[in-house]
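Understanding the architecture of this molecule
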Amino acid sequence: MIRDLELAFVKLHILYHADNEEVFGVGLMKELERHGYTIGPGTLYPTLAKLEKGGFLTCKARTVNHKQRKYYRITPAGRSLLDEMKGKIEELYREVVNGQ
Ligand SMILES: [Zn+2]
């Protein structure tokens, strides 16, 4: 159950960061670790693929240091999803954390 809930938070982090800059797998794993989430490639890459398939992220492959790397950015649909979720996060925070 904790994984289900954390995965939803992870998706929100991904959308947020992909809105601010180009993101890629290893960079996201480090960023998420900083937030206390231990997400392996076996979870992260399928999650990125799912967000891309849903039209919330776009992906561009580039070669960096002889390695193919996939870079992701948010799409307009991803941005409106993120905006909608911001309202829900605020509402949830108000009740669950502040008890209001
Ligand atoms: Zn973050």
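To keep things clear, this report deals only with the structure shown in the data block. Within each chain, residues carry numbers counting from 1 in the order of the written sequence. At least 70 in pLDDT is required for a residue's local features to be given in this predicted model, at least 80 for side-chain atom pairs to be given and counted, and no such filter applies to totals for whole chains, interfaces and linings, which use all residues. Remark: hydrogens and water are excluded; side-chain values derive from all non-hydrogen atoms of the structure.

Points about the overall build of the protein
Numbering of helices and strands starts at the N terminus; helices are DSSP runs of H or I of at least 4 residues and strands are runs of E of at least 2. Across its full length, the protein holds 4 helices and 2 strands. Along the chain direction, N to C, the helices and strands of the protein fall in the order α-α-α-β-β-α. Expressed as lengths along the three principal axes of its C-alpha atoms, the size of the protein is roughly 55 × 30 × 20 Å. Exposure is judged per residue with a 1.4 Å probe applied to protein chains only, and the accessible area is read against the type maximum: over 50% gives exposed, under 20% gives buried, and values in between give partly exposed. For the protein, the proportion of its 100 residues judged to be buried stands at 26%. For the purpose of charge, His is not counted, nor are the chain termini; Lys and Arg are scored as positive and Asp and Glu as negative. For charged residues, the charge sits on one atom: NZ in Lys, CZ in Arg, CG in Asp, CD in Glu. When the 16 positive and 13 negative side-chain charges of the protein are each reduced to one mean point, those points stand 9 Å apart.

Points about the side chain of Thr-75
Structurally, the position occupied by Thr-75 is in the loop between β2 (67-74) and α4 (76-97). In terms of polar contacts, Thr-75 uses its side chain to reach the backbone carbonyl oxygen of Gly-55, at 2.5 Å. Every residue pair with non-hydrogen atoms within 4.5 Å of one another is taken to be in contact. Contacts of Thr-75, omitting those with residues within four sequence positions, involve Gly-55, Phe-56, Leu-57 and Thr-58. Two N or O atoms form a polar contact when they lie within 3.5 Å of each other; inside protein one atom must be a possible hydrogen donor and the other a possible acceptor, and for residues adjacent in sequence the pair counts only when both atoms belong to side chains.

Overview of helix α1 (residues 2-20)
A helix is expected to span 1.5 Å for every residue after the first. In this model, α1 (19 residues) spans 27 Å end to end at C-alpha, consistent with the 27 Å of a helix rising 1.5 Å per residue. Those residues of α1 that fall on the buried side of the exposure criterion are Val-10, Leu-12, His-13, Ile-14, Leu-15, His-17 and Ala-18.

Here's the deal with the nonpolar core
What we call a nonpolar core is a set of buried Ala, Val, Leu, Ile, Met, Phe, Trp, Tyr and Cys residues that are connected through their side-chain atoms within 4.5 Å. Of all hydrophobic cores here, the largest spans 17 residues; its most connected members are Ile-14, Leu-44, Leu-48 and Leu-57. Elements represented by at least two residues in this core include exactly α1, α2 (25-34), α3 (41-53) and β2. Beyond its immediate stretch of four places on either side in the chain, Leu-44 contacts Ile-14, Gly-25, Leu-28, Met-29, Leu-32 and Ile-39.

Overview of unusual backbone geometry
The backbone of Asn-65 sits at a positive phi, close to 50°, despite the residue not being glycine. By secondary structure assignment, the location of Asn-65 is in the loop between β1 (57-64) and β2. Unusually for a residue other than glycine, His-66 sits at a positive phi of about 65°. For His-66, a relative accessible area of 81% gives the class exposed.

Any functional reading would require information beyond the geometric quantities listed.
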